[in-house]
Amino acid sequence: MRTHKAMRFDAQKEREMEKAISDFSQPLMSNSKWIRLINKLVENADKILKIEFKKVQQDHIGELYLVMDTEYGFDYWQNGFEGCNSIGGWLLFKEVEYLVFPKTASNKYGEHYLEQIEALLESVGQFSIEKDENRLKLLCYKK
């Protein structure tokens, strides 16, 4: 059973997150679009070496961990993740400002093929993407 203090703390965190989100002019992702995107990324986990993300409330860049056996209903739900990131704990979809797929991943497998990742994203739907020779950035909010 949750205490009154814990519920107040959660409500305060929710208000702070909503305030941070209100700084953006428009959300570009819905929960259903997130789920379609994650399903596609999990199906192609062998091609996705590294995914970085930024939360709307922090400047810290985290890593998102999606592997072939990441499952809907176990590792992620209709509104977020639990424990699938380097920051730890819950990560709600609405907290994510953007995802970055860096060209050079810091593991033994080498480089991402950004064109392949962009094609995967396009197969899911329309996204706001910024790209250059070093990365592919999927925006979740518009400033």
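The shown structure was predicted, so the numbers you read here are calculated from the model rather than taken from an experiment. (Residues numbered from 1 in each chain as written. Predicted model: local features only at pLDDT ≥ 70, side-chain atom pairs only at ≥ 80, totals over all residues. Heavy atoms only, no water.)

**Some remarks on the overall build of the protein chain**
Alright, step 1. Summing up its helical and strand segments, the protein chain has 3 helices and 9 strands in all.
Alright, step 2. What you see for the protein chain is a C-alpha radius of gyration of 16 Å, in line with the 15 Å of a compact globule of 143 residues.
Alright, step 3. Projected onto its principal axes, the C-alpha positions of the protein chain cover 50 × 35 × 25 Å.
Alright, step 4. Here the protein chain holds 143 residues, and 41% of them are scored as buried.
Alright, step 5. Expressed as a percentage of contacts within the protein chain between residues at least 6 apart in sequence, the contacts between residues at least 24 apart total 62%.
Alright, step 6. Only carbon and sulfur atoms are counted for the fraction: they give 49% of the accessible area of the protein chain, which is about 8,700 Å². (Helix = DSSP H or I, 4+ residues; strand = E, 2+ residues; numbered from the N terminus. Rg over C-alpha atoms; globule rule 2.2 N^0.38 Å. Buried < 20%, exposed > 50% of the residue type's maximum accessible area, 1.4 Å probe, protein only. Contact = heavy atoms within 4.5 Å. Areas by Shrake-Rupley, 256 points an atom, 1.4 Å probe, with all protein chains shown as cover.)

**Some points on the nonpolar core**
Generally speaking, soluble globular proteins have nonpolar side chains that are buried together.
Alright, step 1. By size, the foremost hydrophobic cluster in this structure holds 36 residues, and its most contacted members are Trp34, Leu37, Phe81, Leu99 and Phe101.
Alright, step 2. Of all the secondary-structure elements, those providing two or more residues to this core are helix H1 (4-21), helix H2 (31-43), strand E2 (51-55), strand E5 (90-92), strand E6 (96-102), helix H3 (114-124) and strand E8 (135-139).
Alright, step 3. Here this core takes 6 residues from H2, the largest share from any one element.
Alright, step 4. Beyond its immediate sequence surroundings of up to four residues, Trp34 is in contact with Met29, Phe93, Val96, Leu99 and Cys140. (Core = buried A, V, L, I, M, F, W, Y, C linked by side-chain atoms within 4.5 Å.)

**Some points on the sheet that holds E6**
Alright, step 1. Pairing in this open sheet of 5 strands is antiparallel, and the strands run E3-E2-E6-E8-E7 from one edge to the other. The two strands at the open ends of the sheet, each matched to only one other strand, are strand E3 (61-64) and strand E7 (128-132). Direction aside, the axes of adjacent strands within the sheet are offset by 25 degrees on average.
Alright, step 2. Bridging between E2 and E3 involves 4 bridges; their strand directions are antiparallel. Residue pairing across strands places Phe53 opposite Gly62, the latter belonging to E3. (Pairing = 2+ DSSP bridges. Axes fitted to C-alpha atoms, helices over the stretch in contact; angles between N-to-C directions.)

**Focus: the pattern of salt bridges**
Alright, step 1. Under the counting rule described, the total for this entry stands at 6 salt bridges.
Alright, step 2. For Glu97, the salt bridge is made with Lys54, and the minimal N-O distance between the two is 2.7 Å. Of this pair, Glu97 sits in strand E6 while Lys54 sits in strand E2, and the two are 43 residues apart along the sequence. Considered together, Glu97 and Lys54 belong to a single accessibility category, that of buried residues.
Alright, step 3. With its nearest N and O atoms 3.3 Å apart, the salt bridge here joins Glu95 to Lys55. (Salt bridge = Lys/Arg side-chain N within 4 Å of Asp/Glu carboxyl O.)

**Focus: the environment of Val67**
Alright, step 1. Looking at the secondary structure, you find Val67 in the loop between E3 and strand E4 (80-82).
Alright, step 2. Taking C-alpha positions, Val67 is 9.5 Å from Cys84, a pair spaced 17 residues apart along the chain.

**Comments concerning the pairing of E3**
Alright, step 1. Going residue by residue along E3, you find Gly62 and Leu64 tucked away on one face and Ile61 and Glu63 left uncovered on the opposite face.
Alright, step 2. In this structure, the hairpin formed by E2 and E3 is closed by a connection of 5 residues.

**What to know about the pairing of E8**
Alright, step 1. Counting buried positions along E8 gives 4 out of 5 residues, so the element sits mostly inside the fold.
Alright, step 2. Both E6 and E8 contribute to a ladder of 5 bridges, which runs antiparallel. Pairing of Phe101 across the sheet is with Leu136, part of E8.
Alright, step 3. If you look at the hairpin formed by E7 and E8, you'll find 2 residues sitting between the two strands.

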